[in-house]
Amino acid sequence: MSGLVRKVVTVVDEVLLELGRPVATPVRRAAAAAVIRNPWAGRGFVADLQPEVETVAPELGLLLAGRLIETLGGVDRIEGFGKAAVVGLDGEIEHGAALIHTPYFGNVLRELTEGTSIIVFSDDRLPAGEPLTVPLWHKTAAATRSHYQTVQIRIPDAPRRDELVVIAAASCGPRPNARIGDRRTDPAVRLADLENAR
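Residues numbered from 1 in each chain as written. Predicted model: local features only at pLDDT ≥ 70, side-chain atom pairs only at ≥ 80, totals over all residues. Heavy atoms only, no water.

Asks: How do you make sense of helix H2 (residues 93–100) when you look at a structure like this?
Replies: Every α-helix winds through 3.6 residues per turn, so residues three or four apart in the chain are directed the same way. Burial analysis of H2 places 6 of its 8 residues in the buried class, which makes it a mostly covered element. Looking at the buried residues of H2, the elements they touch are strand E2 (21–37), helix H1 (50–72), strand E3 (80–87), helix H3 (103–112), strand E4 (120–125) and strand E7 (163–171). (Buried < 20%, exposed > 50% of the residue type's maximum accessible area, 1.4 Å probe, protein only. Helix = DSSP H or I, 4+ residues; strand = E, 2+ residues; numbered from the N terminus. Contact = heavy atoms within 4.5 Å.)

Here it is as structure tokens:
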């Protein structure tokens, strides 16, 4: 992958107050992003993306998972995760998807963060400097609603038209003062029941 990565950016968000009230569990959220030259840029329609995926995606998974683990203080601190890709204007959404939606990236990120859940994601094609919101959920229990949250990342000079930004994100806990219950303990709710209650 030498020569593909132009820069690596890490952002950290730590929420301490909500509506002026201390949060029950201060939560750190982080996103690590690699800005890379799009390996398919300038080649027109490429029917088989697999050779580049097998070469590039695992190295990105290793790099970004390592940054998250270091930034958040160890794998034991990580409770939630997510992933994303931003494609520059000369690329296809499929280029970003190829790098984050295959096991060559996802399985590496999941294993290194000791997760078992499917990794929630977002992707887009954007000009340089536009923000992207990366969703997160619990790394081993995706139905844990308290961990549904997001982290936003913006890189002023990326992606350039022929670049991609690949992002891995994680959190050390739930949303600030989460208190809306859990999908595993919710009552059964049907539309008919709601209409009858009116």
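Asks: Looking at this structure, how should I read empty space enclosed by the protein?
Replies: Where empty space is left becomes clear once a probe the size of a water molecule has been rolled over the atoms. Going through the model one piece at a time under the given rule, you end up with 1 cavity of 30 Å³ or more. Taken as a whole, the largest cavity spans an internal volume of roughly 70 Å³. Lining the largest cavity are Val86, Glu130, Pro131, Leu132, Ile153, Arg154, Ile155, Ala158, Pro159, Val165 and Ile167. Residue composition of the lining of the largest cavity, by class: 9 nonpolar, no polar and 2 charged. (1 Å grid on protein atoms, 1.4 Å probe; cavity = no way out; pocket = protein on both sides within 12 Å on 5 of 7 lines; lining within 4 Å. Points joined across faces, edges and corners; volume = space filled by probe spheres on them. Nonpolar A, V, L, I, M, F, W, Y, C, P; charged D, E, K, R; others polar.)

Asks: Help me out: how do you make sense of the nonpolar core in this one?
Replies: When a protein is soluble and globular, its nonpolar side chains tend to lie buried together. Residues Ile36, Trp40, Leu60, Leu64, Leu99, Phe105 and Val166 are the most contacted members of the largest nonpolar core, which totals 31 residues. If you list the elements that add at least two residues to this core, you get E2, H1, E3, H2, H3 and E7. When residues in this core are grouped by element, the largest group, 8 residues, is from H1. Apart from residues lying up to four places away in sequence, Leu64 is in contact with Ala32, Ala33, Ala34, Phe105, Val166, Ile167 and Ala168. The next biggest cluster of nonpolar side chains, apart from the first, holds 17 residues, and it includes Ala31, Ala33, Ala84 and Leu132. (Core = buried A, V, L, I, M, F, W, Y, C linked by side-chain atoms within 4.5 Å.)

Asks: I keep staring at the pattern of salt bridges and nothing clicks. Help me out?
Replies: Oppositely charged side chains can form a pair if their charged atoms are brought close together. One pass over the full model with this rule turns up 9 salt bridges. Arg161 is paired through a salt bridge with Asp90; the nearest N and O atoms lie 3.1 Å apart. Residue Arg161 is found in the loop between strand E6 (149–153) and E7, and its partner Asp90 is found in the loop between E3 and H2; the two are separated by 71 residues along the sequence. You can call Arg161 partly exposed: its relative accessible area is 49%. (Salt bridge = Lys/Arg side-chain N within 4 Å of Asp/Glu carboxyl O.)

Asks: What is the right way to look at the pairing of E3 in this model?
Replies: On any regular strand, side chains alternate: one points to one face of the sheet, the next to the other face. For E3, the tally of buried residues reaches 8 of 8 residues, placing the bulk of the element in the interior. Burial along E3 is two-sided: Gly80, Gly82, Ala84 and Val86 facing one way and Phe81, Lys83, Ala85 and Val87 facing the other are all buried. By the bridge criterion, 2 bridges tie E3 to strand E5 (residues 132–138) in an arrangement that is antiparallel. Each bridged residue has a counterpart across the sheet, and for Gly80 the counterpart in E5 is His138. Here 8 bridges tie E3 to E7, and the two strands are oriented antiparallel to one another. Looking at the pairing, Val87 lines up with Leu164 of E7. (Pairing = 2+ DSSP bridges.)

Asks: Which parts of the structure should I look at to understand the environment of Arg154?
Replies: Structurally, Arg154 can be placed in the loop between E6 and E7. By relative accessible area, Arg154 is classed as partly exposed at 48%. Distance in space between the C-alpha atoms of Arg154 and Leu132 is 6.4 Å, their sequence separation being 22 residues. Residues in contact with Arg154, not counting those within four places in the same chain, are Gly129, Glu130 and Pro131. A polar side-chain atom of Arg154 sits 2.7 Å from the main-chain carbonyl oxygen of Gly129. (Polar contact = N/O pair within 3.5 Å; in protein donor to acceptor, adjacent residues only side chain to side chain.)

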